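# Summary of structural features
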Amino acid sequence: MRLEEIQIEIIRSRRKTMALEITPQCAVRVRAPLGMPEEEIRRFVQEKSDWILKHLAVMEKKAGELKEIRPMSAEELEALADRACQVIPERVRYFAPKVGVDYGMITIRNQKTRWGSCSARGNLNFNCLLMLAPSEVIDYVVVHELCHRKELNHSPRFWAEVARVLPDYKRQERWLKENGKRLMARNVK
């Protein structure tokens, strides 16, 4: 692959510096200041060509690996959801007092992009595919969502609360980042 063959999207905004991003569609996005000349943006992209090509190759390889993963059948997903209905509420009951919060309904879903969510009313949603992850990762997602009962954002106060309950949460967060797409690929197509 050559840089000339790659789709490059330029997004201008009120920023002072340029930034590169490789999108999930294996395209290159450049964020640039409003008045930055196009030739300066192109020069920046050219200077970063080694980095761009390296990261595109990694993403294309990962995308190829994901295509080879066998999706679960509807029956397998139903069994996973049944197991999640037993395991996850138990973990929520365990961690809610440690976080110091109450909660509303717990719903288990087969979601395509999220591991969990918390509504403003305190209802918790969890992805049944969590059952494919290690128990520490399940606990991390449970604590993450329960901490949203205190902070409905990802502010430093939110992360401090997560760390108070799970001091090593970054390890589980990293596991999800490294392995989560493979688990999500098991979802029914």
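Residues numbered from 1 in each chain as written. Predicted model: local features only at pLDDT ≥ 70, side-chain atom pairs only at ≥ 80, totals over all residues. Heavy atoms only, no water.

Packed helix pairs are specified by the crossing angle of their axes together with the interaxial distance, meaning the distance between the axes. Their axes nearest at 9 Å, the elements helix 4 (residues 135-147) and helix 5 (residues 156-165) cross at an angle of 135°. Compared by their axis directions, helix 4 and helix 5 come out oblique. The handedness of the crossing between helix 4 and helix 5 is right-handed. Of the residues in helix 5, those touching helix 4 at Tyr140, Val143, His144 and Cys147 are Phe158, Trp159, Glu161, Val162 and Val165. Taken together, the residues of the contact of helix 4 with helix 5 sort by class into seven nonpolar, one polar and one charged. (Axes fitted to C-alpha atoms, helices over the stretch in contact; angles between N-to-C directions. Helix = DSSP H or I, 4+ residues; strand = E, 2+ residues; numbered from the N terminus. Parallel < 35°, antiparallel > 145°, perpendicular 65-115°, else oblique. Left-handed = near helix turned anticlockwise from the far one by under 90°. Contact = heavy atoms within 4.5 Å. Nonpolar A, V, L, I, M, F, W, Y, C, P; charged D, E, K, R; others polar.)

One finds Ile88, Trp115, Phe126, Val142 and Leu146 to be the most contacted residues of the largest nonpolar core, which totals 36 residues. At the level of secondary structure, the elements contributing two or more residues to this core comprise helix 3 (74-99), strand 6 (124-127), helix 4, helix 5 and helix 6 (169-184). Filtering out sequence-adjacent residues up to four positions away, Phe126 remains in contact with Ile88, Val92, Ile106, Thr107, Ile108, Arg109, Gln111, Trp115, Gly116, Val141, Val142 and Glu145. One finds Met18, Val28, Met36 and Ile41 within the second-largest nonpolar core, a separate group that totals twelve residues. (Core = buried A, V, L, I, M, F, W, Y, C linked by side-chain atoms within 4.5 Å. Buried < 20%, exposed > 50% of the residue type's maximum accessible area, 1.4 Å probe, protein only.)

When you line up the elements, His144 lands in helix 4. Taking relative accessible area as the criterion, His144 reaches 10% and is therefore assigned buried.

Turning to the sheet that holds strand 4 (residues 106-109), a few remarks are in order. For sheets, the rule is that strands pair by backbone hydrogen bonds, running either parallel or antiparallel. In space, the three strands of this open sheet follow the order 4-6-5, with mixed pairing throughout. Whereas interior strands pair on both sides, the edge strands pair on one side only; in this sheet they are strand 4 and strand 5 (116-118). When the angles between neighbouring strand axes are averaged without regard to direction, this sheet yields 15°. Bridge count between strand 4 and strand 6: four bridges; the pairing is parallel. If you follow Ile106 over to strand 6, its bridge partner there is Leu124. (Pairing = 2+ DSSP bridges.)

This paragraph deals with the packing of aromatic side chains. Summed over all chains, the structure comprises four aromatic pairs. On the basis of an interplanar angle of 85° and a centroid distance of 4.8 Å, the ring pair of Tyr94 and Phe95 is categorised as edge-to-face. Note on Tyr94: relative accessible area 42%, which makes it partly exposed. Given a relative accessible area of 5%, Phe95 falls into the buried group. Note on Phe158 and Trp159: the rings are 4.9 Å apart at their centroids and 80° apart in plane angle, and the pair reads as edge-to-face. For Phe158, a relative accessible area of 0% gives the class buried. Here Trp159 falls in the partly exposed class, since its relative accessible area comes to 21%. An aromatic cluster of at least three residues, connected via ring pairs, comprises Tyr140, Phe158, Trp159 and Tyr169. (Phe/Tyr/Trp six-rings, centres within 6.5 Å; stacked < 30°, edge-to-face > 60°.)

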